[in-house]
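Results of the structural survey
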Amino acid sequence: MRISVRLNLPREVDSVPAVRRLLRCALSAFQVDRQDGDDLELALTEACANVVKHATGADGIEVRLDVAEDRCAIDVADNGAGFDATAVGDPGPNSERGRGLFLIKALSDNVRMQSTPRSGSLIHFEKSFALAGGAGAH
């Protein structure tokens, strides 16, 4: 079994909890470990919050969730002004900003960012889960 969902949401703060709830429901259908679920929810929140805060000119957020028993893949895209993905560094120890991409990288796997000036941005991230019964992650 697999759950695949594509959402087109307005670029506003209220879209973030809605997409989090949907992810939580999909993960609970597969009885995903709570810590893995919390990690993915936080990474998704950061990705969507970055669009809300930084995607100049974007009119919406597109979120694609692909959840299976052994993994979850998430894409968050916008049609905003874009950014220079190579210029995004890790935040300093006393920095109160710039932690979003750092957290996404720390909490998930296979993180890819793509941004094109005036065409928007995409961040992709995944997480593999240990299967129930100790079968291990794939």
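As a reminder, the structure under discussion sits directly above these lines.
Residues numbered from 1 in each chain as written. Predicted model: local features only at pLDDT ≥ 70, side-chain atom pairs only at ≥ 80, totals over all residues. Heavy atoms only, no water.

Regarding the side chain of D66
- Note that D66 resides in strand 2 (residues 60-68).
- Within the local environment of D66, its side chain forms a polar contact with the side chain of R2, the two groups lying 2.6 Å apart.
- A polar contact is formed between the side chain of D66 and the side chain of S4, at a distance of 2.8 Å.
- When residues no more than four places from it in sequence are discounted, the contact partners of D66 are R2, I3, S4, R71, C72 and A73. (Helix = DSSP H or I, 4+ residues; strand = E, 2+ residues; numbered from the N terminus. Polar contact = N/O pair within 3.5 Å; in protein donor to acceptor, adjacent residues only side chain to side chain. Contact = heavy atoms within 4.5 Å.)

Some words on the sheet that holds strand 2
- What the five strands build is an open sheet, ordered 1-2-3-5-4; its pairing is antiparallel. Each edge of the open sheet is held by one strand with a lone partner, namely strand 1 (2-10) and strand 4 (109-116). Along the sheet, successive strands turn relative to each other by an average axial angle of 10°, direction set aside.
- Where strand 4 and strand 5 (residues 120-128) come together, six bridges link them in antiparallel fashion. (Pairing = 2+ DSSP bridges. Axes fitted to C-alpha atoms, helices over the stretch in contact; angles between N-to-C directions.)

Overview of the environment of D109
- Here D109 is to be found in strand 4.
- For D109, a relative accessible area of 39% corresponds to the partly exposed category.
- Between the C-alpha atom of D109 and that of K127, which follows or precedes it by 18 residues, the distance is 5.4 Å.
- Ignoring anything within four residues of it in the chain, the contact list for D109 reads F125, E126, K127 and S128. (Buried < 20%, exposed > 50% of the residue type's maximum accessible area, 1.4 Å probe, protein only.)

Describing the pairing of strand 5
- Counting buried residues in strand 5 gives seven out of nine residues, a clear majority hidden from the surface.
- Judged from the eight bridges that link them, strand 3 (residues 71-78) and strand 5 form a sheet pairing that is antiparallel. The partner of A77 across the bridge, within strand 5, is L122.
- What sits between the antiparallel neighbours strand 4 and strand 5 is a turn of three residues, in which R118 has the positive phi angle 65°.

Looking at the pattern of salt bridges
- Throughout the structure, instances matching the rule amount to 10 salt bridges.
- Notably, a salt bridge pairs D38 with R34, separated by 3.2 Å at the nearest N-O pair. Taken together, the residues span about one helical turn, with D38 and R34 both in helix 2 (residues 34-54) at a distance of four residues.
- The partner of R71 in a salt bridge is D66, and the shortest N-O contact between them spans 3.7 Å.
- Classification of D66 as buried rests on a relative accessible area of 15%.
- Salt bridges linked by common partners bring R2, D66, R71 and E126 together as one network. (Salt bridge = Lys/Arg side-chain N within 4 Å of Asp/Glu carboxyl O.)

Re helix 2
- For helix 2, which comprises 21 residues, the first-to-last C-alpha distance of 30 Å matches the rise-based estimate of 30 Å (1.5 Å per residue) to within 8%.
- Buried-residue contacts for helix 2 involve helix 1 (15-29), strand 2, strand 3, helix 3 (100-107) and strand 5.
- A side-chain oxygen of the first residue of helix 2 lies 3.1 Å from the backbone nitrogen of Q35; this N-cap is D33. (Expected span 1.5 Å × (residues − 1).)

Notes on unusual backbone geometry
- The phi dihedral of Q31 falls on the positive side, at around 50°, and the residue is not glycine.
- Note that Q31 resides in the loop between helix 1 and helix 2.
- One non-glycine residue, N110, lies in the positive phi region at around 50°.
- Among the structural elements, N110 can be located in strand 4.
- On the basis of relative accessibility, which here comes to 40%, the residue N110 falls in the partly exposed class.

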